Amino acid sequence: MNTVSSESAHPRTADEIVELYRGAISSGQLGDGERLPTVRQTARDFDVAQATAAKAYRVLEQDGLVVTRTAAGTRVAPGASRAPQPVVERARAFAEAAQAAGVSVDDAVAVVRALWGGPSA
């Protein structure tokens, strides 16, 4: 399960939580099928009432960005993200490895392009 970083923005309202997760999903930071933290954990993470976090999750579900199932939790809806969960997980691991090795983002993208099949990929 991944959590969205709250370092740059500390949402205080349900709308702000929705926008934070909407951005993470649409950018591919959270991939299809990836599990979101529980409502309780989200409330703790952002220091808001559980009702505020629950409202945000309801809006995300109404917008078709997440699905909630008993015992499976809340997950990014199929097709909501730019990439499926395994791709996001591997991209995240690649980005972390590149950063740890001191590789620039431009060089890391060049590696992906080369492996993908050329500069026009």
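Summarised in this report is the structure supplied together with it. (Residues numbered from 1 in each chain as written. Predicted model: local features only at pLDDT ≥ 70, side-chain atom pairs only at ≥ 80, totals over all residues. Heavy atoms only, no water.)

Looking at where threonine 74 falls in the secondary structure, it is placed in strand S2 (residues 73–76). Within polar-contact distance, the side chain of threonine 74 engages the side chain of threonine 68 at 3.0 Å. With residues near it in sequence (within four places) discarded, threonine 74 still touches Glu34, Arg35, Leu36, Tyr57, Val66, Val67 and Thr68. (Helix = DSSP H or I, 4+ residues; strand = E, 2+ residues; numbered from the N terminus. Polar contact = N/O pair within 3.5 Å; in protein donor to acceptor, adjacent residues only side chain to side chain. Contact = heavy atoms within 4.5 Å.)

Attention shifts here to the pattern of salt bridges. Within the structure shown, the criterion is met by four salt bridges. In this structure, arginine 22 engages aspartate 63 in a salt bridge whose closest nitrogen and oxygen atoms are separated by 2.9 Å. Taken together, the positions of arginine 22 in helix H1 (residues 14–26) and aspartate 63 in the loop between helix H3 (50–62) and strand S1 (66–69) put the pair 41 residues apart, joining distant regions of the chain. The partly exposed category is assigned to arginine 22, whose relative accessible area is 26%. Here aspartate 63 falls in the partly exposed class, since its relative accessible area comes to 40%. The shortest N-O distance in the salt bridge between arginine 92 and glutamate 34 comes to 3.5 Å. One end of the pair, arginine 92, is in helix H4 (residues 85–100); the other, glutamate 34, is in the loop between H1 and helix H2 (39–46), and 58 residues separate them in sequence. Where salt bridges share partners, they join Glu19, Arg22 and Asp63 into one cluster. (Salt bridge = Lys/Arg side-chain N within 4 Å of Asp/Glu carboxyl O. Buried < 20%, exposed > 50% of the residue type's maximum accessible area, 1.4 Å probe, protein only.)

Let's shift gears to H4. In an α-helix there are 3.6 residues to a turn, and that puts residues three or four apart on one side. End to end, H4 covers 22 Å across 16 residues, agreeing with the expected 22 Å (1.5 Å per residue, within 8%). In the segment just after H4, glycine 102 is the residue with positive phi, at about 80 degrees. (Expected span 1.5 Å × (residues − 1).)

Turning our attention to unusual backbone geometry. The phi dihedral of aspartate 47 is positive, around 55 degrees, even though this residue is not glycine. By the element assignment, aspartate 47 lies in the loop between H2 and H3. Even without being glycine, alanine 71 reaches a positive phi, approximately 75 degrees. Secondary-structure assignment places alanine 71 in the loop between S1 and S2.

Moving on, we get to the pairing of S1. As paired strands, S1 and S2 are joined by four bridges and run antiparallel to one another. Residue pairing in the sheet places threonine 68 in a bridge with threonine 74 of S2. The loop that links S1 with its antiparallel partner S2 comprises three residues; one of these, alanine 71, has a positive phi angle of about 75 degrees. (Pairing = 2+ DSSP bridges.)

Running from N to C, H2 and H3 point in directions that differ by 115 degrees, and their axes come no closer than 8 Å. Note on packing geometry: the crossing formed by H2 with H3 is right-handed. The residues of H3 that touch H2, namely those facing Val39, Arg40, Thr42 and Ala43, are Gln50, Ala53, Ala54 and Tyr57. In terms of residue class, the contact of H2 with H3 is built from five nonpolar, two polar and one charged. (Axes fitted to C-alpha atoms, helices over the stretch in contact; angles between N-to-C directions. Left-handed = near helix turned anticlockwise from the far one by under 90°. Nonpolar A, V, L, I, M, F, W, Y, C, P; charged D, E, K, R; others polar.)

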